[in-house]
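# Summary of structural features
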Amino acid sequence: MQRSSSSNNSSLAQQLGQRWLALLNRLQEDPKLAQVMSTRIGQYLRSRPFLALALLMFSAMAALPVGLFLLFALITIVMAVVGFVFFEVFMLFVGGITLLSVLSGIALFSLLVSVIVTGVFVTIPNLLKRYYPNVTKQRKESEEETPEVKQKK
């Protein structure tokens, strides 16, 4: 039984090795990778495989924290923009309510002034008629004379 499991393990290891070699051959034949490897940095990393492996591991392991940081930054920017929009809407709402209050106050004030002025225009002639009838009669007589004078001319 141990022989069958060890033979299975060795065949699995051979298959894994063959797949790994196929992947490496495919990567080496890639024109983009060949272009990178022809640079000075590529030549330096080719001569130092341990450093290349360390750089590859660092890049792979740093991708998640950098991605999380960029996601956090993006979410922060979006939240700031949304918060700014909500703040602006709130300020417009407060300004609108203030404007509505001021305009309502002006309307009530103008209505009150209109009522007072109308009351004054109605009560003063009535008071004059009642307490000073001679002033109002002279005025009426002068108004009646003016059309006759105009007709004579």
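So, a few notes on the structure that sits alongside this text. (Residues numbered from 1 in each chain as written. Predicted model: local features only at pLDDT ≥ 70, side-chain atom pairs only at ≥ 80, totals over all residues. Heavy atoms only, no water.)

In terms of regular secondary structure, the protein chain is built from 5 helices and 0 strands. Reading the protein chain from its N end, one meets helices and strands in the order α-α-α-α-α. Evaluated residue by residue, the protein chain yields a buried proportion of 2% over its 153 residues. For the protein chain, the exposed area adds up to about 14400 Å²; of that, 71% sits on carbon and sulfur atoms. (Helix = DSSP H or I, 4+ residues; strand = E, 2+ residues; numbered from the N terminus. Buried < 20%, exposed > 50% of the residue type's maximum accessible area, 1.4 Å probe, protein only. Areas by Shrake-Rupley, 256 points an atom, 1.4 Å probe, with all protein chains shown as cover.)

Taken together, the side chains of Leu64, Leu68, Leu71, Leu74, Ile75, Val78, Met79, Val82 and Phe86 present a nonpolar region at the surface, about 900 Å² in accessible area. Using a relative accessible area of 54% as the deciding quantity, one classes Met79 as exposed. (Patch = residues over 30% accessible without salt bridge, like charges linked within 9 Å, V, L, I, M, F, W, Y side chains within 5 Å. Salt bridge = Lys/Arg side-chain N within 4 Å of Asp/Glu carboxyl O.)

As a further point, take the packing of helix α3 (residues 40–47) against helix α4 (residues 49–131). Put simply, α3 and α4 touch, their axes get as near as 5 Å, and they point 110 degrees apart. Our classification of the angle between α3 and α4 gives roughly perpendicular. Contacts between α3 and α4 involve Tyr44, Leu45, Arg46 and Ser47 from the former and Pro49, Leu51, Ala52 and Leu55 from the latter. Looking at side-chain class alone, the contact of α3 with α4 contains 6 nonpolar, 1 polar and 1 charged residues. (Axes fitted to C-alpha atoms, helices over the stretch in contact; angles between N-to-C directions. Parallel < 35°, antiparallel > 145°, perpendicular 65-115°, else oblique. Contact = heavy atoms within 4.5 Å. Nonpolar A, V, L, I, M, F, W, Y, C, P; charged D, E, K, R; others polar.)

Between its first and last C-alpha, α4 extends 120 Å over 83 residues, near the 123 Å set by a 1.5 Å rise per residue. In the structure, α4 departs most strongly from a straight axis at Ala63, where the bend amounts to approximately 35 degrees and where the proline Pro65 lies between one and four residues downstream. (Expected span 1.5 Å × (residues − 1). Bend = angle between axes of the 7 residues up to and from the residue.)

Just distances and angles here, no functional claims.
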